[in-house]
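Next come the chains, spelled out residue by residue.
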Amino acid sequence: MAKMRACRTCHYLTTEDQCPNCKGTSLSTSYTGIVVVLPGKSPLDDPRKSSYIAARLNIDKPGKYALKVR
Ligand SMILES: [Zn+2]
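A. The arrangement of the coordination of the zinc ion in detail. Ligation of the zinc ion by protein atoms is provided by Cys 7 (SG), Cys 10 (SG), Cys 19 (SG) and Cys 22 (SG), these donors lying 2.2 to 2.3 Å from the ion. Viewed at the metal, the four donor atoms of the zinc ion are separated by angles of 104 to 116°, and the geometry they form is tetrahedral. Site description for the zinc ion: donor spacing in sequence, C-x2-C-x8-C-x2-C. Overall, the relative accessible area of 0% leaves Cys 19 in the buried class.

B. Unusual backbone geometry, seen in detail. Unlike most non-glycine residues, His 11 shows phi in positive territory, near 70°. Of note, His 11 is situated in the loop between β1 (5-7) and β2 (13-14). Here the phi dihedral of Lys 23 falls at roughly 65°; this positive angle occurs in a residue that is not glycine. By relative accessible area, which is 53% here, Lys 23 ends up exposed.

C. Broad picture of the environment of Thr 25. Here Thr 25 lies in the loop between β2 and β3 (27-28). Each C-alpha atom of the pair Thr 25 and Leu 44 lies 26 Å from the other, and the pair is 19 residues apart in sequence. Setting aside chain neighbours within four positions, we find Thr 25 in contact with Asp 17 and Gln 18.

Cut-offs applied
Per-chain numbering applies: the sequence of each chain, read as written, is numbered from 1 onward. Per-residue local features are limited, in this predicted model, to residues with pLDDT of at least 70; the limit for side-chain atom pairs, both in listing and counting, is 80 or more; totals at the level of whole chains, interfaces and linings are taken over all residues. Note that the side-chain values use all heavy atoms of the structure and ignore hydrogens as well as water. In this listing, donors mean N, O and S atoms no farther than 2.8 Å from the metal, or 3.2 Å for Na, K and Ca; water is missing from the atoms, so a site can look incomplete. Every geometry call rests on angle ranges, with four donors termed tetrahedral when all angles are between 85 and 135 degrees, four termed square planar and six termed octahedral when opposite donors are over 155 degrees apart and all others are between 65 and 115, and everything else termed irregular. Each residue gets one of three labels from its accessible area relative to the maximum for its type: buried under 20%, exposed over 50%, partly exposed in between, using a 1.4 Å probe on protein chains only. The helix and strand labels rest on DSSP assignments: H or I over at least four residues marks a helix, E over at least two residues marks a strand, and numbering proceeds from the N terminus. Any two residues whose heavy atoms approach within 4.5 Å at even a single point are treated as in contact.

Now the structure itself:
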């Protein structure tokens, strides 16, 4: 499995050269902690409404995110 990199803008974890979430290209291999935001009953549900962590990290889409990006 390829090493995942974390987007500096939205903290999304990806193996691509571009963040599929915000299309940013500023990716970092240096991050700590992984947060997995699971989808709600409806795919259109905003995770920030039901998850304290999603609200704190301002995550509006389910997926894998880094807790801290350096
Ligand atoms: Zn991003």
